[in-house]
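# Analysis of the macromolecular model
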Amino acid sequence: MESASRRQYFLRLVTVFVLYLSAGKLGLSVPFTSGNVSPVWPASGVALASVLLWGYEIWPGVALAAFFVNFLSQIPAISSIGIALGNTSSALLGGYLVRRFISDKPSFERLRDVLGLIAFGAAIAPIVAASVGATTLLLTHIRAWSGFTSTWRIWWLGDAMGVLIVTPLFFTGRALTRSFNRVRMIESFVLLLSLLATCFAIFGGRLGPGMKDDVLAFLAFPFVIWAAIRFRAFGAGIATFVIAAISVWGTAQGNGPFIKHNPLHGAALLQLFIAVTAITGLVLGAVTTEREAAGEASDTKEKLLRALHQAQSSLQEAHAQLELRVRERTAELERAQEGLRALSGQLLTMQDEERRRIARELHDSAGQITVALGMNLTSILAETKNLTPKAGKACREASELVQQLSRELRTISHLLHPPLLDEAGLPPALTWLVDGFAQRSKISVKLDLARDLGRFSPEVETAIFRVIQECLTNILRHSESRAASIRIARDVDEIKVEVRDQGKGMPSGSNGSGGRRRMGVGIQGMRERITQLGGRFDIRSGKNGTTVLASLPVPSATVQSARTTAQEAP
């Protein structure tokens, strides 16, 4: 990599040396050059472009070429060294100022770059070369033009012209070739022919009319404007180069509008003409490029805005469709939930009806059979004197078992569907349920009923009874509590049920608040019963026990008398 880098650096030095030497020889070939001071010095543009392209380390190529271009023109070596130092320093200073205050890689397609080139590269940097070069010629007694002041001015303007004409050509050609097509090739050919014809008409002498009026030199300006507008900075640079070459050549041949004055005044007019031409073309080309870029940016912005509006419209349409689908799916889900609620309500109703049927069967059929069996056993026991002691004992034990079976059947029948719930209402049924539960489980249960509880619809009373029955069953099976409390209160439009124990609480996620998957069938049944009637159901469980809360709306009217009549019917 170091070897390749060195080869590349050496090739750059050789390239700079050849270009600078060629441009310098071209500048010194102008016939009215005096003391190696040319009114147009294209080598200064080559030197500044080299520094801007490849950095300050390119200075040896510039210095060596600047020395040889003067040494080969038969001036003393000491003068060549001084001039080489001045020209190299000028190029380095111009490159530093442009890089420092404008851009590391100027394109001269922006107005900022062009103004920086004019100010730093063409106006300030050549002061060093002109000052060092004119002083060197003065000290070595080489007479250039008419004296130090005129030499300095011609040198400074000559280097400035070289910068304005040559430097932009190194940076603007690539952008032009990317957009070049057949139509532009024809247009550029017509432009070049028209410009050549106009320039030869002004400065051609025998090749043209050879106009002598100074103002007629500006007939070439429309072509510079044409080139700048159509071909940007590169077109303006080429047009300026053509105008500068033909005007310098024509003036040196004694043709054109700048020969009717003395040589010094004519050279100054020629330099001002080239400077105005170059500056006008570069500024106009940069402004045109920036306006085109602004137009493209505006078009791009409009396209992006249109695309954004289209995307927003599409997004709104998709959002509307999504909302519609969500509403449809929500409606379907609600219908499914309503179906499930209806099915659950039907299942609960069927369950209650089946319990009522089983209870009736146990009470009417099995109960009657056990009563008959008990009566038969009583008749047998009346004849104990005719029985053996063993048979008498068996009959007594059988009678006791039949009585116990009768009590169990009655209890099971009442638990499945207590007749008191239909006949006497909720308070007597709950009192019977709690007393029986306390006797069987040995768990102390406190029942607190509102005095004005009254009667409710069969559905409400059945739901409350089943909820309390399921809560007591859960307390017995799971809570390990030795005490429980039941409280039923009523206000104007609501009846509230609260069942509390002092057990170990429920496992996390099983209370229906955040883990409904873990709920047991009993809890789901209680929730469904309350929900079906338009009520609310909640379970609160902790270390100090579990509380079941249920609330149901109170019917607007009391139970009708027909209900009582139906209950009294056999």
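Residues numbered from 1 in each chain as written. Predicted model: local features only at pLDDT ≥ 70, side-chain atom pairs only at ≥ 80, totals over all residues. Heavy atoms only, no water.

Here the focus is the overall build of the protein chain. For the protein chain, the count of helices and strands is 16 helices and five strands. Looking at the protein chain as a whole, 42% of its 570 residues qualify as buried. Nonlocal contacts in the protein chain, meaning residues at least 24 apart in sequence, comprise 72% of its contacts between residues at least 6 apart. Split by element, the accessible area of the protein chain, about 31,300 Å² in all, is 60% carbon and sulfur. (Helix = DSSP H or I, 4+ residues; strand = E, 2+ residues; numbered from the N terminus. Buried < 20%, exposed > 50% of the residue type's maximum accessible area, 1.4 Å probe, protein only. Contact = heavy atoms within 4.5 Å. Areas by Shrake-Rupley, 256 points an atom, 1.4 Å probe, with all protein chains shown as cover.)

Time to look at helix α6 (residues 148-166). Because the α-helix completes a turn every 3.6 residues, residues three or four places apart line up on one side. Taking 1.5 Å of rise per residue, 19 residues should cover 27 Å, and α6 covers 27 Å from first to last C-alpha, within 8% of that figure. Within α6, 14 of the 19 residues are buried, which leaves it mostly tucked inside the rest of the structure. (Expected span 1.5 Å × (residues − 1).)

Once that is clear, we can look at the pattern of salt bridges. Within this structure, the stated rule accounts for nine salt bridges. When the shortest N-O distance is used, the salt bridge between Glu-187 and Arg-230 registers 2.7 Å. One end of the pair, Glu-187, is in helix α8 (residues 182-203); the other, Arg-230, is in helix α9 (residues 221-252), with 43 residues separating them in the sequence. You can call Glu-187 buried: its relative accessible area is 15%. Judged by relative accessible area, which is 32%, Arg-230 ranks as partly exposed. Here Arg-536 ties to Glu-494 by a salt bridge, and the two come within 2.9 Å at their closest N and O atoms. (Salt bridge = Lys/Arg side-chain N within 4 Å of Asp/Glu carboxyl O.)

Right, let's talk about the pairing of strand β4 (residues 536-542) for a bit. Across seven bridges, β4 lies against strand β5 (residues 545-553) in antiparallel orientation. Bridging across to β5, Ser-541 finds its partner in Thr-546. Counting the residues that bridge the hairpin from β4 to β5 gives two residues. (Pairing = 2+ DSSP bridges.)

Here we come to the sheet that holds strand β1 (residues 444-449). Read across the sheet, five strands follow the order β1-β2-β3-β5-β4 without closing on themselves; strand pairing throughout is mixed. Taken across any chain shown, the strands that pair with only one partner, and hence form the sheet edges, are β1 and β4. Neighbour to neighbour, the strand axes of the sheet diverge by 10° on average, direction disregarded. By the bridge criterion, seven bridges tie strand β2 (residues 483-490) to strand β3 (residues 494-501) in an arrangement that is antiparallel. Residue pairing for β3: Ala-484 is matched across the bridge by Asp-501. (Axes fitted to C-alpha atoms, helices over the stretch in contact; angles between N-to-C directions.)

A few words on the confidence of the model for the protein chain. Confidence in the prediction for the protein chain averages 83 pLDDT; 86% of positions are at 70 or higher. Taken together, the stretch residues 512-518 has pLDDT below 50 and engages in ten contacts with residues farther than four places along the chain or on a different chain. Scored below 50 in pLDDT, residues 557-570 makes eleven contacts in the model with residues more than four places away or belonging to other chains. (pLDDT = per-residue confidence, 0-100.)

Moving on to the nonpolar core. Of all hydrophobic cores here, the largest spans 67 residues; its most connected members are Tyr-20, Leu-195, Phe-273 and Ile-274. When residues no more than four places from it in sequence are discounted, the contact partners of Tyr-20 are Trp-41, Ala-43, Val-46, Ala-47, Val-62, Ala-65, Ala-66, Val-69 and Asn-87. Formed by 34 residues, the second largest nonpolar core is a distinct cluster that contains Leu-421, Val-460, Ile-523 and Ile-539. (Core = buried A, V, L, I, M, F, W, Y, C linked by side-chain atoms within 4.5 Å.)

So, about the packing of aromatic side chains. Centre-to-centre distance and the angle between the planes together describe a pair of aromatic rings. Scanning the entire structure with this criterion turns up twelve aromatic pairs. With centroids separated by 6.1 Å and ring planes inclined at 50°, the aromatic side chains of Phe-203 and Phe-273 adopt a geometry described as tilted. One end of the pair, Phe-203, is in helix α8; the other, Phe-273, is in helix α10 (residues 263-382), and 70 residues separate them in sequence. In this pair, the class of Phe-203 matches that of Phe-273, namely buried. Ring-pair connections join several aromatic residues into one group, and the members of that group are Phe-203, Phe-218, Phe-221, Phe-258 and Phe-273. Directly above the ring of Tyr-56 sits Arg-99, whose terminal nitrogen or CZ lies 5.4 Å from the centroid. A cation sits over an aromatic face here: Arg-100 above Phe-101, 5.2 Å from the ring centre. (Phe/Tyr/Trp six-rings, centres within 6.5 Å; stacked < 30°, edge-to-face > 60°. Lys NZ or Arg CZ within 6 Å of the ring centre and 35° of its normal.)

This part is about the packing of helix α13 (residues 426-441) against helix α14 (residues 458-479). For any two helices packed against each other, one specifies the inter-axial angle together with the distance between the axes. The geometry of α13 relative to α14 is characterised by a closest axis approach of 11 Å and an angle of 10° between their N-to-C directions. On the basis of their axis angle, the class for α13 and α14 is roughly parallel. Counting all contacts with α13, which are made through Leu-426, Ala-429, Leu-430, Leu-433, Phe-437 and Ser-441, the residues of α14 involved are Glu-461, Ile-464, Phe-465, Ile-468, Gln-469, Leu-472 and Leu-476. The residue inventory of the contact of α13 with α14, partitioned by class, reads ten nonpolar, two polar and one charged. (Parallel < 35°, antiparallel > 145°, perpendicular 65-115°, else oblique. Nonpolar A, V, L, I, M, F, W, Y, C, P; charged D, E, K, R; others polar.)

If you trace the backbone, Thr-151 turns up in helix α6. At 2.5 Å, the side chain of Thr-151 forms a polar contact with the backbone oxygen of Ala-144. Other than its neighbours up to four places away in sequence, Thr-151 contacts Val-37, Ala-134, Leu-137, Ala-144 and Trp-145. (Polar contact = N/O pair within 3.5 Å; in protein donor to acceptor, adjacent residues only side chain to side chain.)

Okay, the packing of helix α4 (residues 77-101) against helix α5 (residues 111-139) next. Two elements in contact, α4 and α5, have axes separated by 8 Å at closest approach and are oriented at 160°. By the angle between their axes, α4 is roughly antiparallel relative to α5. At the point where α4 passes α5, the crossing takes the right-handed sense. Grouping the constituent residues of the contact of α4 with α5 by class yields 14 nonpolar, eleven polar and one charged. (Left-handed = near helix turned anticlockwise from the far one by under 90°.)

Okay, unusual backbone geometry next. Look at Phe-108: it is not a glycine, yet its phi comes out positive at around 60°. By the secondary structure assignment, Phe-108 is in the loop between α4 and α5. Positive phi outside glycine occurs at His-141, with the angle close to 60°. Its place among the elements puts His-141 in the loop between α5 and α6. You can call His-141 exposed: its relative accessible area is 73%.

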